[in-house]
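A structural walkthrough
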Amino acid sequence: MSTVVIPTPNLDLVLQTPEEALAWVETLSPEDRAEVSEVWLERARATKPGDYWALGFRVVERATGVTVGGCAFKGPPDAEGSVEIAYGIDEPYRCRGFATEAAAALAQFAWADERVHLVQAHTRSDNEASARVLAKCGFRFIGPVLDPEDGPVDRWGQNPV
C-alpha cells in the first residue's frame, strides 16, 4: 500500500499509520492531549492503514523534512455530506502560514470526494489565530455550537469552491 501524501507549496501532509497516530498522541503535552477526542482515538485504534478519514496526517515542512504539526479529518463525510477538519502547528513553527496551508490543502482534498457538500472546522471562541486561518481559507463563521466531543465551540464552514 502506498503512502498518501497531500503536497502543498511548502508542506507535505503525510498520512500516518494507526500506530504512528496513536504514538503521536502520547507525545503531546497534557493540555494538547486533552484536546484529542476519545472518539477519534477509538476510531484510530480500530482502523486499517490507509484510511485518511480516520487517521491523521503529519505536517512536514518540505525544505527541512521536519514535522511541524498535524492535521486530520474527524471522520468520513456524514449522511448530509459534511466533513470536519482539524489542524495544529507546533509552537516553534507557528506564524509561518503552515496552519493556513495545511487547512486549505485538507479542505481541497475533501472536496475531491463527491460525497462532500460542506467542509467544517471548530475553534474555541477565544482562538483568534485559528479563526484567521479559517477565514483565509474561505471558511465562514456559522455560529457557536455544543459539539458532543469538544464541548462549546465556534463552527466554521466552507461551501464548494
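We now turn to the structure provided with this report. (Residues numbered from 1 in each chain as written. Predicted model: local features only at pLDDT ≥ 70, side-chain atom pairs only at ≥ 80, totals over all residues. Heavy atoms only, no water.)

1. Some points on the environment of valine 116
Relative to the assigned elements, valine 116 resides in the loop between α4 (98-111) and β6 (118-123). What makes valine 116 buried here is its relative accessible area of 5%. What valine 116 contacts, discounting residues up to four positions off in sequence, is Trp53, Pro77, Gly81, Val83, Ala110 and Trp111. (Helix = DSSP H or I, 4+ residues; strand = E, 2+ residues; numbered from the N terminus. Buried < 20%, exposed > 50% of the residue type's maximum accessible area, 1.4 Å probe, protein only. Contact = heavy atoms within 4.5 Å.)

2. Overview of the environment of aspartate 113
Position of aspartate 113 among the secondary structure elements: in the loop between α4 and β6. We classify aspartate 113 as buried; its relative accessible area is 15%. A sequence separation of 92 residues divides aspartate 113 from alanine 21, and the C-alpha atoms of the two residues are 23 Å apart.

3. Looking at the pattern of salt bridges
Within this structure, the stated rule accounts for eight salt bridges. For aspartate 12, the salt bridge goes to arginine 62, with nearest N and O atoms at 3.0 Å. In this pair, aspartate 12 sits in strand β2 (residues 11-15) while arginine 62 sits in the loop between β3 (56-61) and β4 (66-73), placing the two residues 50 residues apart along the sequence. Of the residues examined, aspartate 12 reaches a relative accessible area of 19% and is grouped as buried. Classification of arginine 62 as partly exposed rests on a relative accessible area of 37%. (Salt bridge = Lys/Arg side-chain N within 4 Å of Asp/Glu carboxyl O.)

4. Side note on the nonpolar core
With 38 residues, the main nonpolar core has Leu13, Val119 and Phe139 as its most contacted residues. Setting aside residues up to four positions removed in sequence, valine 119 forms contacts with Val83, Ile85, Ala107, Ala110, Trp111, Phe139, Trp156, Gly157 and Gln158. (Core = buried A, V, L, I, M, F, W, Y, C linked by side-chain atoms within 4.5 Å.)

5. As for the sheet that holds β3
An order of β1-β2-β3-β4-β5-β6-β8-β7 is seen for the eight strands of this open sheet, with the pairing classed as mixed. With one partner strand each, in any of the chains shown, β1 (5-7) and β7 (140-147) form the two edges of the open sheet. Strand-to-strand, the axes of this sheet are offset by a mean angle of 30°, without reference to chain direction. (Pairing = 2+ DSSP bridges. Axes fitted to C-alpha atoms, helices over the stretch in contact; angles between N-to-C directions.)

6. Observations regarding the pairing of β2
Among the five residues in β2, five count as buried, and that is most of the element. Pairing between β1 and β2: three bridges, direction antiparallel. Bridge pairing in β2 links proline 7 to aspartate 12. Taking the residues between adjacent antiparallel strands as the criterion, β1 and β2 are bridged by three residues. Relative to β3, β2 is paired through five bridges, and the arrangement is antiparallel. From the neighbouring strand, leucine 13 faces β3, where its bridge partner is valine 59.

7. A word on the packing of helix α1 (residues 18-27) against helix α3 (residues 38-46)
Between α1 and α3, the least distance of the axes is 8 Å, while the angle of their chain directions is 145°. Crossing hand, α1 versus α3: left-handed. Taken together, the residues of α3 that come into contact with α1 (itself represented by Pro18, Ala21, Leu22 and Val25) are Trp40, Leu41, Ala44 and Arg45. Grouping the amino acids of the contact of α1 with α3 by side-chain chemistry returns seven nonpolar, no polar and one charged. (Left-handed = near helix turned anticlockwise from the far one by under 90°. Nonpolar A, V, L, I, M, F, W, Y, C, P; charged D, E, K, R; others polar.)

8. Quick notes on the environment of isoleucine 6
Mapped onto the fold, isoleucine 6 is located in strand β1. A relative accessible area of 7% means that isoleucine 6 is categorised as buried. For isoleucine 6 and leucine 28, which are 22 residues apart along the polypeptide, the C-alpha to C-alpha distance reads 23 Å. Among residues more than four places away in sequence, those in contact with isoleucine 6 are Leu11, Asp12, Leu13, Phe57, Ala105, Leu106 and Phe109.

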